[in-house]
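Report on the structure
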Amino acid sequence: MLIRIGCAVACCAAVMAAFGYETAAEADQAARDLLKKRDYLAASKAFGAAADLETNVVKRIGLLGSQATYLSWTKERGHVPEVIEKIVALKREQLKDVKDDKARADILMNIADRYDKAPDKALAAIDEVLALKEIQSGKKSSALAKRATILIGKKDLEAAKKALADLEAVAPDKTLSEKQQKERVLDVKGQLATAEKDWAKVFDLYFQIVTMSDSKKPVIFPGKGFNAAVELMRAEKCAEARAMLERVRTLNLDYRSVLEAVDIEGRTYKVEKNFDAAWKLFKRTLEDKAFQEKGDLGGLVRKATATLQALKPAYAGVFEFYDMIFADPAKYGFGDQKKLAGLLVAYSESTWHAMNHERMRDARKRIFANGGDLSNTGMFQSLIRHYDNLANFPEVDKEKTIPATPKEFFGFDPDRKVVHAKDFGWNPTNATECLAKALSAEGATTVVVDAMPGPWYIWSIDMDAAHFSNRRIVFAKGCTVLSAPEVKEKDAPGWYRRDMFLMNGISNVWFEGEGELGKDVYIGKYRN
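To start, this report covers the structure provided alongside it. None of the values given here were measured: they were computed from a predicted structure.

Calculation rules
- Residues numbered from 1 in each chain as written.
- Predicted model: local features only at pLDDT ≥ 70, side-chain atom pairs only at ≥ 80, totals over all residues.
- Heavy atoms only, no water.
- Phe/Tyr/Trp six-rings, centres within 6.5 Å; stacked < 30°, edge-to-face > 60°.
- Lys NZ or Arg CZ within 6 Å of the ring centre and 35° of its normal.
- Helix = DSSP H or I, 4+ residues; strand = E, 2+ residues; numbered from the N terminus.
- Axes fitted to C-alpha atoms, helices over the stretch in contact; angles between N-to-C directions.
- Parallel < 35°, antiparallel > 145°, perpendicular 65-115°, else oblique.
- Left-handed = near helix turned anticlockwise from the far one by under 90°.
- Contact = heavy atoms within 4.5 Å.
- Nonpolar A, V, L, I, M, F, W, Y, C, P; charged D, E, K, R; others polar.
- Core = buried A, V, L, I, M, F, W, Y, C linked by side-chain atoms within 4.5 Å.
- Buried < 20%, exposed > 50% of the residue type's maximum accessible area, 1.4 Å probe, protein only.
- Salt bridge = Lys/Arg side-chain N within 4 Å of Asp/Glu carboxyl O.

**Looking at the packing of aromatic side chains**
The final tally for this structure, using the stated rule, is 19 aromatic pairs. With centroids separated by 5.0 Å and ring planes inclined at 80°, the aromatic side chains of Tyr70 and Trp73 adopt a geometry described as edge-to-face. An aromatic cluster of three or more residues is present, and its members are Tyr315, Phe319, Tyr322, Phe326 and Tyr347. The ring of Phe207 has Arg247 lying over it, and the distance from NZ or CZ to the ring centre is 4.4 Å. Looking at Lys312, its charged tip hangs above the ring of Phe275, at a distance of 4.5 Å from the centre.

Here you go:
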């Protein structure tokens, strides 16, 4: 015990030195403040600091759980297993003082849940649960179902079937009703059928689970059951998929499941390239008064446009669908101003996705006529402004002149301070950092991108107003700038092949290439 206290004191001292927090509560509050700023990495570190300062084991486990959660949202997600091991170590410490098998089973199942990314360790924890002498049927059933699920994920179907047989042998008691047990067995059978791609069986099993409910409330059909219809659709067995959906519609469905069924049926018509059938389906659903009252009309329209857009070129089918609704909004459930406003936002999105200026102007007119504004239209607002500017281009103004030389352009001699990019550390395999430093060099009026023995390979350079404005950029004769290869690690620099030069708000920048146009200087992602 004295050793543990000494370690805790040393740990607290180390945390205070590293982070400046004096108490767990202070670090916890700092983490929550960082979450509001969406700084998840810093927040996860603050939660870790709070855990190191916390003396209550239960609270400490909770803080470490928060650390693991938010760490998994960052580029440092590879360290999550280390945090999980800390949690498991604390859980194991708790086990030493627990004699009751029911309580031990709860802790061990929690450990198995923590190991969601380490199946073998999770299975080991479950085996400990099943080895307990006084285990209740509810916990045993839960452990065996989880064991089967993990084995299916590992593609060890024979071992999963053995776990299923053991699960079916569990007798209901006061901790496990017959209905709970049957649902659990059917779910595992459904997972096995999914692994074996027996889609008809998958659907039947999840249909059985839903029909076991004695509730009079509308039911939500399981996503795993809907997935069977989707897989048949992908295999171009669309008639079989629609037959499944017809069975689903015989149930007293929650309107979220109604929307899901309509969406999947619409997608079967997309596979079959049957525009008329898809149109009739979405129109019929929009006209349904019960769906208008309780369903997600906006969601239905978005599902419809996603399908119809693929069935006619240039968004023609999408705009026909919107025109049908606009002809009589009340008939299709958009009679009140608020619902119509939501529809118009969706319409505006379709117009800019289609890059259709005429339709964009129509959307703007309808939004204003409905008493709205463009504050919720995102990209639409920006694009329509550019389209309006292009419609008035070029301006006829005899007094306007275009500067003939860089000196006329800037109003000062751009050769006042010339820097050469090669002097910032050219790298033959990746020169991103070198070129970025050169282009943003403090006080530079001209930056020369020199011709080198090989291309300037770069990922992407963000050019902001503060560091890249008011300068002449010269690409020397013989200069080549190409895209550097992408990296495989997600979210790492170079992971996604972005634009090579991203210019945000810069002004007074003169780009110049030496030599013959299109021949002596080459800038592009690929050589070809």
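**Notes on the environment of Tyr522**
As for its placement among the helices and strands, Tyr522 is situated in strand β9 (residues 522-523). For the pair Tyr522 and Ser142, spaced 380 residues apart in the sequence, the C-alpha separation amounts to 64 Å.

**Details of the packing of helix α4 (residues 57-71) against helix α5 (residues 80-96)**
It is at 9 Å that the axes of α4 and α5 come closest, and there the two elements cross at 160°. Regarding the angle of α4 to α5, the classification is roughly antiparallel. In this structure, α4 crosses over α5, and the sense of that crossing is left-handed. Packed against α4, whose contacting residues are Val57, Val58, Arg60, Ile61, Leu64, Gly65, Gln67, Ala68 and Leu71, the element α5 presents Val80, Val83, Ile84, Lys86, Ile87, Leu90, Lys91 and Gln94 at the interface. For the contact of α4 with α5, the residue count by class is eleven nonpolar, three polar and three charged.

**Brief notes about the nonpolar core**
Tyr21, Ile84, Ile111, Val129 and Leu167 are the most contacted members of the largest nonpolar core, which has 59 residues in total. Not counting residues within four places of it along the chain, the set of residues in contact with Leu167 comprises Ser141, Leu144, Ala145, Gln181, Arg184, Val185 and Val188. One finds Ala277, Tyr315, Met360 and Ile384 within the second-largest nonpolar core, a separate group that totals 41 residues.

**Details of the side chain of Gln67**
Tracing the sequence through the fold places Gln67 in helix α4. Judged by relative accessible area, which is 13%, Gln67 ranks as buried.

**Digging into the pattern of salt bridges**
Tallying each qualifying case throughout the model produces 34 salt bridges. Here Lys162 ties to Asp166 by a salt bridge, and the two come within 2.9 Å at their closest N and O atoms. Here Lys162 and its partner Asp166 are both found in helix α9 (residues 157-168), four residues apart, which amounts to about one turn of the helix. The salt bridge involving Arg267 is made with Asp263; its shortest N-O contact spans 3.7 Å. One end of the pair, Arg267, and the other, Asp263, are both in helix α14 (residues 255-271), four residues apart, so they sit about a helical turn from each other. Judged by its relative accessible area of 9%, Asp263 falls in the buried class. By sharing partners, the salt bridges in this structure join Lys102, Asp106 and Lys139 into a single network.

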